[in-house]
2 protein chains.
Amino acid sequence: MSQQRLVVIGGDAAGMSAAAQARRLRSVDELDVVVLEQGPDVSFSACGIPYWVGDTVGSREELIARTPAEFAAGDIEVRTGTRATEVDLDAGVVVTGGGERLGWDRLVVATGGRPSRPPVPGLDAPGVHGVHRLADGARIRGVLDGGARRAVVLGGGYIGLEMAEQLQGRGLEVTVVLADDLPMQSLDPDMGLRVCEHLGSMGIDVHPGEAAREIELDGAGTARAVRTDAGSYACDLVVLGLGMGPEVALADAAGLQLGVTGAIDVDATQRSRSHRQVSAAGDCAQTFSRITGEAAHVALGTHANRQGRVAGSVIGGRPARFGGVLGTAITKVGDLEIGRTGLSSAEAESAGFAYTTETVQSTTRAGYYPGATGITVKVLAERGSGRLLGAQVLGGAGAGKRVDVFATALWAGLTTDELAAADLSYAPPFSPVYDPVSVAARVAGRSSRG
Amino acid sequence: MSQQRLVVIGGDAAGMSAAAQARRLRSVDELDVVVLEQGPDVSFSACGIPYWVGDTVGSREELIARTPAEFAAGDIEVRTGTRATEVDLDAGVVVTGGGERLGWDRLVVATGGRPSRPPVPGLDAPGVHGVHRLADGARIRGVLDGGARRAVVLGGGYIGLEMAEQLQGRGLEVTVVLADDLPMQSLDPDMGLRVCEHLGSMGIDVHPGEAAREIELDGAGTARAVRTDAGSYACDLVVLGLGMGPEVALADAAGLQLGVTGAIDVDATQRSRSHRQVSAAGDCAQTFSRITGEAAHVALGTHANRQGRVAGSVIGGRPARFGGVLGTAITKVGDLEIGRTGLSSAEAESAGFAYTTETVQSTTRAGYYPGATGITVKVLAERGSGRLLGAQVLGGAGAGKRVDVFATALWAGLTTDELAAADLSYAPPFSPVYDPVSVAARVAGRSSRG
């Protein structure tokens, strides 16, 4: 068997996972693995950028899991600063910005996400920053080190709130402006409201229901304020936390089929439905809900890693399938941990489920044990069957990761009654005798039958 | 329908759960509920006693969930200080220490556990303390307040290590003497060894493999040292942490059938197999492993609560079944969290499983995030099928409760591959991009196929 070549476009989570997994399964004689990365880094933690900006993490280097040299030592050729400008799917060729025509037998498209940028005048001005690449983090750090005092964050999702928390930690006055009625749209409104109130209690100035109309610039053309219909919020920098769409320009131009979400249409093996020698993984690829089976686009590092690994396994000759997404996510703002998995009420509604919701209050530890804090757990169950559909968790230390118990139960397709009966751990430093997960599942089970 | 009477013998977790659940389902006209409790308290947290002794919890009252007066307000008659001395199963009568003959239509036996007391000379002397009742805690506190400086803990299980930690926290020199080769026999030896080393690093003097031969007394007959074959360990108090057997003297004398474990033989509805009008729940009752189906005796508050609730439901007319135990447990010593669920290697061996084990090292948070600590996860999987059989977790803050994810997967009967694919949560303050649970499950899945 003559040597084949795998070309991977994009060297972040999905791309490097695919490259590494294919490499594990195929010898150098069998497969040449080349990764093209337009930026200077591969395999970095985009999720860590807010914490680097906030000095919670000490250095840029800590966010880089592996360098191109380390990959090279593992027989994976990484070409940083190399942009793929064109893909010829029929000829099996990728063209680089330098004009090289690189042939491939198997191609992985891992071009990642594109930060959402609404058509707001001034959004492209200096002083408006994404949170996408390490260079974004470096630029924001530069502005902070230069004495910035006020920041406006656009958007109230995970990245937006993490940036708000971390910027406040650096001593800035922080304003969060969001078009939605509440932050954390992936939560139910009652839970989102608690998050909103918590942000307020931290001294973060939150303006829900206000779409940004214009970024106001100073004489030098630098962003100095965000104007909404309700007011103008002066600042020294604007941070974009408006979510992430799929970066599919290259794939689309090449003729790869896109799905209903606008991301590259792949099956559970991560192979393109239109071109079977091409795989896609990560933020550029469409995926599907494990609960509804419907197409979905969820830009998260966990999925990028897993999908990349599936793509690399399949290319390496080992069968593998991606199991779908539950929509599990976690973050914290100040001392409030936020976790969610499965369907929110709006999602359950939209998917046509008859469902009930129950919300319980408990404590993270035995009530009498020091450090116990409140925890709010909301559970969605299918009416009649009692099948678990989703869960949302808010609370102090130890609250957020409880969402993994719900995620595992969802993954297995348990009913709320089954989850309520599960033998979970108890000791006073860790939970009340009935863990809040068990209590919420039990109450939800009862009401779903009722 | 004339009013019936439910008598519950024992007013702790199992008994009060049974009483409360039966009460919820049956009106006062239908059912009279009487609880006989020999001690002064009902519904207290025995698991909290070490933390009260250690001043981690401020007062005795905090350990009492509900008082007899509160139960009375809910139409449950609680008679504290009332010992049941005899049960006539045919006549449906219980005799109290005061000579009263109380008739019952349904009986719940919830007499709890009996701390193991090996036949060691001197074990009954003053200065040797159990950790069973609040009175035990009060006595130990009295000894500490009186200036005790050195303690010997007998036994290296959960209660023993929690007492060791808390006594050290009160400033005592603590020696742990155990007959087993390692503390935490419910863990595999390699994990138990890590616990043992951690205790040593905390300055707790651990002597594994030394059975206590004698409690040495002073002239006044008070315990002053524990002698083993290897030495004599002087102390001001001895604490018994040798585990808990079922307290079945009353049930056995009455003729209730006991199971192979020596505990009361009940089915999944918690009804006695020999006398269907009698239920038993909690530490006095036999239960079964959800994984092997084999009879088991596990004295834990979680099971007592759940089994009591099942007993009360069935008596109240609502079908219910206890789902079995996984053997989930959690504790901490110092800054080491310890969790386990399912079968240990010894248990898997004994149950006849062909199995593989894998142990992975990871971090509780993203490696670069402040507060990340090491976490060790060991997973057992059935060879061939890859079915998850058990897991053990050691690590810093956030490590222990991860055992609940394994417990949920075990409860659902997932394979390690299925668990490895589950959509668990990730953000840098909470885990690496692959949670340690996922990594351990993946590695175990691979080796179970190999």
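Residues numbered from 1 in each chain as written. Chains lettered and ligands numbered in written order. Predicted model: local features only at pLDDT ≥ 70, side-chain atom pairs only at ≥ 80, totals over all residues. Heavy atoms only, no water.

By the naming in an unreviewed UniProt entry, chain A goes by FAD-dependent oxidoreductase and is assigned to Goekera deserti. In its Cofactor (unreviewed entry) section, UniProt records this for chain A: "FAD". Check the Sequence similarities (unreviewed entry) section of the UniProt entry for chain A; it says "Belongs to the class-III pyridine nucleotide-disulfide oxidoreductase family." (UniProt positions renumbered as here; feature names shortened; annotations may be inferred.)

S.K.: Hey, could you go over the pairing of strand 11 (residues 173–177) of chain B for me, with residue numbers and the actual values?
M.R.: Residues and elements named next belong to chain B. The element strand 11 is largely enclosed, with a buried count of four among its five residues. As paired elements, strand 10 (residues 150–154) and strand 11 share five bridges and run parallel to each other. Across the sheet, A151 pairs through a bridge with V174, a residue of strand 11. With helix 5 (residues 158–169) bridging strand 10 and the parallel strand 11, this β-α-β connection has right-handed handedness. Bridge analysis of strand 11 against strand 12 (residues 205–207) gives three bridges, and the strand direction is parallel. (Buried < 20%, exposed > 50% of the residue type's maximum accessible area, 1.4 Å probe, protein only. Helix = DSSP H or I, 4+ residues; strand = E, 2+ residues; numbered from the N terminus. Pairing = 2+ DSSP bridges. Right-handed = clockwise from strand over helix to strand, strands pointing away.)

S.K.: Describe the environment of V109(A), and please don't skip the residues or the numbers.
M.R.: All names here are of chain A. In this structure, V109 sits in strand 7 (residues 106–109). Considered as a pair, V109 and V174 are 65 residues apart in the sequence and their alpha carbons are 37 Å apart. When neighbours within four sequence positions are excluded, V109 is seen to be in contact with I9, L256, I264, V278, S279, A280, A281 and C284. (Contact = heavy atoms within 4.5 Å.)

S.K.: An account of the UniProt feature "domain: FAD/NAD(P)-binding" (unreviewed entry) in chain A is needed here, citing residue identities and associated values.
M.R.: According to UniProt, the feature "domain: FAD/NAD(P)-binding" (unreviewed entry) maps to residues 5–291 of chain A in the numbering used here. Strand forms 26% of residues 5–291 of chain A and helix 23%; the C-alpha atoms that close the span are 36 Å apart.

S.K.: Describe the relation of the copies chain A and chain B, naming the residues involved and giving the relevant values.
M.R.: The operation relating chain A to chain B is a screw motion whose rotation component is 180°, with 0.0 Å of axial translation and a residual RMSD of 0.0 Å. Taken together, the turn and the small shift mark the pair as related by a two-fold rotation axis. Using C-alpha coordinates, one finds that chain A approaches the rotation axis most closely at V405(A), a distance of 2.5 Å. Same-surface contact between copies: 100% of interface residues of chain A are shared with the interface of chain B. (Least-squares fit on C-alpha atoms with pLDDT ≥ 70 in both.)

S.K.: Describe the packing of aromatic side chains, with residues and values.
M.R.: All names here are of chain A. Evaluation of the coordinates by the stated rule reveals four aromatic pairs over all chains. Ring geometry for F288 against F322: centres 6.4 Å apart, planes inclined by 85°, an arrangement best described as edge-to-face. Of this pair, F288 sits in strand 19 (residues 287–288) while F322 sits in the loop between helix 8 (301–316) and strand 21 (329–333), placing them 34 residues apart in sequence. Seen from the ring of W411, R290 lies directly overhead, with NZ or CZ sitting 3.7 Å from the centre. (Phe/Tyr/Trp six-rings, centres within 6.5 Å; stacked < 30°, edge-to-face > 60°. Lys NZ or Arg CZ within 6 Å of the ring centre and 35° of its normal.)

S.K.: How would you sum up helix 10 (residues 403–412) of chain A? Please name residues and give values.
M.R.: The buried fraction of helix 10 of chain A is high, at nine of 10 residues. Just downstream of helix 10 of chain A, G413(A) is the residue with a positive phi angle, here 75°.

S.K.: Give me the UniProt feature "domain: Pyridine nucleotide-disulphide oxidoreductase dimerisation" (unreviewed entry) in chain A: which residues, what numbers.
M.R.: Mapped onto this numbering, the UniProt entry annotates "domain: Pyridine nucleotide-disulphide oxidoreductase dimerisation" (unreviewed entry) at residues 330–432 of chain A. For residues 330–432 of chain A, helix accounts for 21% and strand for 36%, while the C-alpha atoms at its two ends are 22 Å apart.

S.K.: I'd like a description of the interface of chain A and chain B, backed by residues and values.
M.R.: Tallying the contact residues gives 56 residues for chain A and 56 residues for chain B. Together chain A and chain B conceal approximately 5100 Å² of surface at their shared face, both sides included; 62% is due to carbon and sulfur atoms. The interface formed by chain A and chain B includes two salt bridges. The interface formed by chain A and chain B contains 24 residue pairs in polar contact (both at pLDDT 80 or more). The leading source of residues in the side of chain A that touches chain B is helix 10 of chain A, at eight residues. (Buried area = accessible area lost by both parts, 1.4 Å probe. Salt bridge = Lys/Arg side-chain N within 4 Å of Asp/Glu carboxyl O. Polar contact = N/O pair within 3.5 Å; in protein donor to acceptor, adjacent residues only side chain to side chain.)

S.K.: Can you break down the packing of helix 1 (residues 13–25) of chain A against helix 8 of chain A residue by residue, with the values?
M.R.: All names here are of chain A. Relative orientation of the contacting elements helix 1 and helix 8 amounts to 30°, with a least axis distance of 7 Å. Between helix 1 and helix 8, the crossing angle belongs to the class labelled roughly parallel. Handedness of the helix 1/helix 8 crossing: right-handed. Contact with helix 1, carried on its side by A13, A14, S17, A18, Q21, A22, R24 and L25, involves G301, A304, N305, G308, R309, A311, G312, S313, I315 and G316 of helix 8 and no other residues of that element. For the contact of helix 1 with helix 8, a count of residues per class yields eight nonpolar, eight polar and two charged. (Axes fitted to C-alpha atoms, helices over the stretch in contact; angles between N-to-C directions. Parallel < 35°, antiparallel > 145°, perpendicular 65-115°, else oblique. Left-handed = near helix turned anticlockwise from the far one by under 90°. Nonpolar A, V, L, I, M, F, W, Y, C, P; charged D, E, K, R; others polar.)

S.K.: Report on the sheet that holds strand 21 of chain A, specifying residues and quantitative values.
M.R.: All names here are of chain A. Strand order in this open sheet of five strands is 21-22-25-24-23, and the pairing throughout is antiparallel. Strands with a single pairing partner mark the edges of an open sheet, and in this sheet they are strand 21 and strand 23 (355–363). Each strand axis lies, on average, 10° off the axis of its neighbour in the sheet, ignoring direction. The strands that helix 5 (residues 158–169) touches are strand 21 and strand 22 (336–342); relative to strand 21, the one it contacts most, it runs at about 25°. In the packing of helix 10 onto the sheet, the strands contacted are strand 21, strand 22, strand 24 (374–382) and strand 25 (388–395), and the crossing angle to strand 25 comes to about 175°.

S.K.: Quick rundown of the domain arrangement of chain A? Include the residues and the values.
M.R.: It is common to report an interface's size as the accessible area lost on association of the parts. Residues and elements named next belong to chain A. For chain A, the assigned domains are domain 1 (4–113 + 245–316), domain 2 (128–242) and domain 3 (329–449). Using only C-alpha atoms to locate each centre, domain 1 and domain 3 end up separated by 34 Å. Overall, the association of domain 1 and domain 3 removes approximately 580 Å² of surface from exposure, summing both partners, and the carbon and sulfur fraction of that is 67%. By the criterion of area lost to domain 3, the three top residues of domain 1 are R290, I291 and T292, representing 81% of everything that side buries. At the junction of domain 1 and domain 3, the tally comes to zero salt bridges. Inspection of the domain 1/domain 3 interface yields one residue pair in polar contact (both at pLDDT 80 or more). Across the side of domain 1 that touches domain 3, the residue classes break down as two nonpolar, one polar and one charged. (Domains from an automatic or database assignment.)

S.K.: Describe the pattern of salt bridges, and please don't skip the residues or the numbers.
M.R.: Taken as a whole, this structure holds 50 salt bridges over all chains when the rule is applied. Through salt bridges that share partners, D55(A), R141(A), D145(A) and R170(A) make up one connected network.

S.K.: Please give an account of a positive patch on the surface that cites residues and values.
M.R.: On the surface, R24(A), R66(A), R318(A) and R446(B) cluster together into a positively charged patch. As for its position among the elements, R318(A) is in the loop between helix 8 and strand 21. (Patch = residues over 30% accessible without salt bridge, like charges linked within 9 Å, V, L, I, M, F, W, Y side chains within 5 Å. Areas by Shrake-Rupley, 256 points an atom, 1.4 Å probe, with all protein chains shown as cover. Lys, Arg positive; Asp, Glu negative; His and termini not counted. Charge placed at Lys NZ, Arg CZ, Asp CG, Glu CD.)

S.K.: Provide a residue-level description of the environment of R66(B), including the pertinent values.
M.R.: All names here are of chain B. Note that R66 resides in the loop between helix 2 (49–53) and helix 3 (68–73). R66 gets classed as partly exposed once you look at its relative accessible area, which sits at 34%. In sequence terms R66 and V42 are 24 residues apart; their C-alpha atoms lie 7.3 Å from each other. Contacts of R66, omitting those with residues within four sequence positions, involve A20, V42, S43 and F71.

S.K.: So what's going on with the side chain of Q21(B)? Residues and values would help.
M.R.: All names here are of chain B. Relative to the elements of secondary structure, Q21 occurs in helix 1 (residues 13–25). For Q21, a relative accessible area of 4% gives the class buried. A distance of 2.4 Å separates the side chain of Q21 from the side chain of R24, its partner in a polar contact. Residues within four places of Q21 in sequence aside, it is in contact with R309, G312, S313 and R318.

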